[in-house]
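Residues per chain, in single letters:
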Amino acid sequence: MLKSTVAISRFVLLWILCPVVAIASFRFLLGGVEVTMADFVYHANLRPVAFYAHIVLASVALALVPVQLWPGLRQRRITLHRILGRVYAISILASGAGGFFLAVGTESGAVAASGFGCLAIAWVGTTVYGVILAMTGDVAAHRRWMIRSAALTMAAVTLRIYLGLSVVAGLSYDEVAGALAWGCWIPNLLLAEVIVRRSKSGQRRAGLRPVVSRG
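These numbers were taken from a predicted model, which means no experiment stands behind them.

Q: Would you mind going over the side chain of T153 with me for this structure?
A: Structurally, T153 can be placed in helix α9 (residues 139–153). Note on T153: relative accessible area 4%, which makes it buried. Among the polar contacts listed, one links the side chain of T153 to the side chain of Y88, at a separation of 2.8 Å. Here T153 is in contact with A61, L62, V65, Y88, I92 and W123, once residues within four sequence places are set aside.

Q: How should the environment of G115 be read in this particular structure?
A: Here G115 is to be found in helix α8 (residues 110–136). Sequence-wise, G115 and L180 are 65 residues apart; in three dimensions their C-alpha atoms are separated by 8.2 Å. In this structure, G115 is in contact with A181, W182 and W185, ignoring residues within four places of it in sequence.

Q: It is not clear to me how the state of the cysteines should be interpreted in this structure. Could you clarify?
A: As used here, a disulfide is simply a covalent bond connecting the sulfur atoms of two cysteines. Inspection of every chain in the model, using the stated rule, returns 0 disulfides. As a non-bridged cysteine, C18 has C184 as the owner of its nearest cysteine sulfur, 14 Å distant. We classify C18 as buried; its relative accessible area is 0%. With no disulfide of its own, C118 has C184 as its nearest cysteine by sulfur position, at a separation of 11 Å.

Q: Which parts of the structure should I look at to understand the packing of helix α5 (residues 48–69) against helix α7 (residues 78–104)?
A: Angle between the axes and distance between the axes: these two values describe a pair of packed helices. As a packed pair, α5 and α7 sit with axes 7 Å apart at the nearest point and diverge in direction by 145 degrees. Seen from above, α5 lies across α7 with left-handed handedness.

Q: Explain the packing of aromatic side chains here, please?
A: Aromatic rings considered in pairs are described by the distance between their centres and by the relative angle of their planes. Applying the stated criterion across every chain yields a total of 6 aromatic pairs. Measuring from ring centre to ring centre gives 6.5 Å for W15 and W70, while their planes differ by 85 degrees; the resulting arrangement is edge-to-face. Taken as a pair, W15 in helix α1 (residues 2–24) and W70 in the loop between α5 and α6 (71–76) lie far apart in primary sequence, 55 residues in all. Taken together, a centroid distance of 4.9 Å and an interplanar angle of 90 degrees make the contact between Y129 and W145 edge-to-face. Within this pair, whereas Y129 is found in helix α8, its partner W145 is found in helix α9, the two being separated by 16 residues in sequence. In this structure an aromatic cluster arises from ring pairing among F28, F51 and Y52. A cation over a ring is seen here: R47 above F101, with NZ or CZ 5.9 Å from the ring centre. Just above the ring of W145 sits the side chain of R148; from NZ or CZ to the centre is 4.4 Å.

Q: Explanation requested: the pattern of salt bridges in the structure shown.
A: Between side chains of opposite charge, a pair can form when the charged atoms approach closely. Applying the stated criterion to the full structure yields 2 salt bridges. Between E193 and R148 there is a salt bridge, and its shortest N-O distance comes to 2.9 Å. Here R148 lies in helix α9 and E193 lies in helix α12 (residues 186–208), a separation of 45 residues in the sequence. We classify R148 as buried; its relative accessible area is 10%. Between R197 and E193 there is a salt bridge, with its nearest N and O atoms 3.5 Å apart. Taken together, the residues R197 and E193, both in helix α12 and 4 residues apart, mark about one turn of the helix. Taking the relative accessible area as the measure of exposure, E193 reaches 22% and is therefore partly exposed. Via salt bridges that share partners, R148, E193 and R197 belong to a single interconnected network.

Parameters and conventions
Residues numbered from 1 in each chain as written. Predicted model: local features only at pLDDT ≥ 70, side-chain atom pairs only at ≥ 80, totals over all residues. Heavy atoms only, no water. Helix = DSSP H or I, 4+ residues; strand = E, 2+ residues; numbered from the N terminus. Buried < 20%, exposed > 50% of the residue type's maximum accessible area, 1.4 Å probe, protein only. Polar contact = N/O pair within 3.5 Å; in protein donor to acceptor, adjacent residues only side chain to side chain. Contact = heavy atoms within 4.5 Å. Disulfide = S-S within 2.5 Å. Axes fitted to C-alpha atoms, helices over the stretch in contact; angles between N-to-C directions. Left-handed = near helix turned anticlockwise from the far one by under 90°. Phe/Tyr/Trp six-rings, centres within 6.5 Å; stacked < 30°, edge-to-face > 60°. Lys NZ or Arg CZ within 6 Å of the ring centre and 35° of its normal. Salt bridge = Lys/Arg side-chain N within 4 Å of Asp/Glu carboxyl O.

So, in structure tokens, the structure goes:
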């Protein structure tokens, strides 16, 4: 029962929420920033390059998360996995830099600025380190760090969930910005760490099993 619940939750998160949030992020193309993202108009006016780079490329990275975490792609289309991995990494580098610039210039207070700023640093850092590990051939470590990277990419999903809950609670963005800036990614990273440590533990146990000859 627990395994099926986890599997369903994983499917919903990766294959439904990630694509939906990624696509929804482009809503400004239809309604304009003033209508669809009223709380962030000042960012679009004062620092448009950082603003649009962050929104557009973070959405690209988010849309690639389920594909890149899909074992079938790695096993059957490793070249495509590597190509999409490069797109994912470049998107995060540019979006993370834009996000950091936006955090520094936010009008939502020091708590929000530090939270989103630390997210940008951790996001870029985990991704770059994961890429370096792939280049050195340490595939197992590369996968662990990309799980951490994906968890931070999915901060976009948890942020939208929390924003929806705040609207239901009748709270404005400014009232919850500080909590959102930290709450949208720290739980994600902690969960990723649990997954990584369980995976490492399972690999060690598998490595200790004796090899039984059948022929």
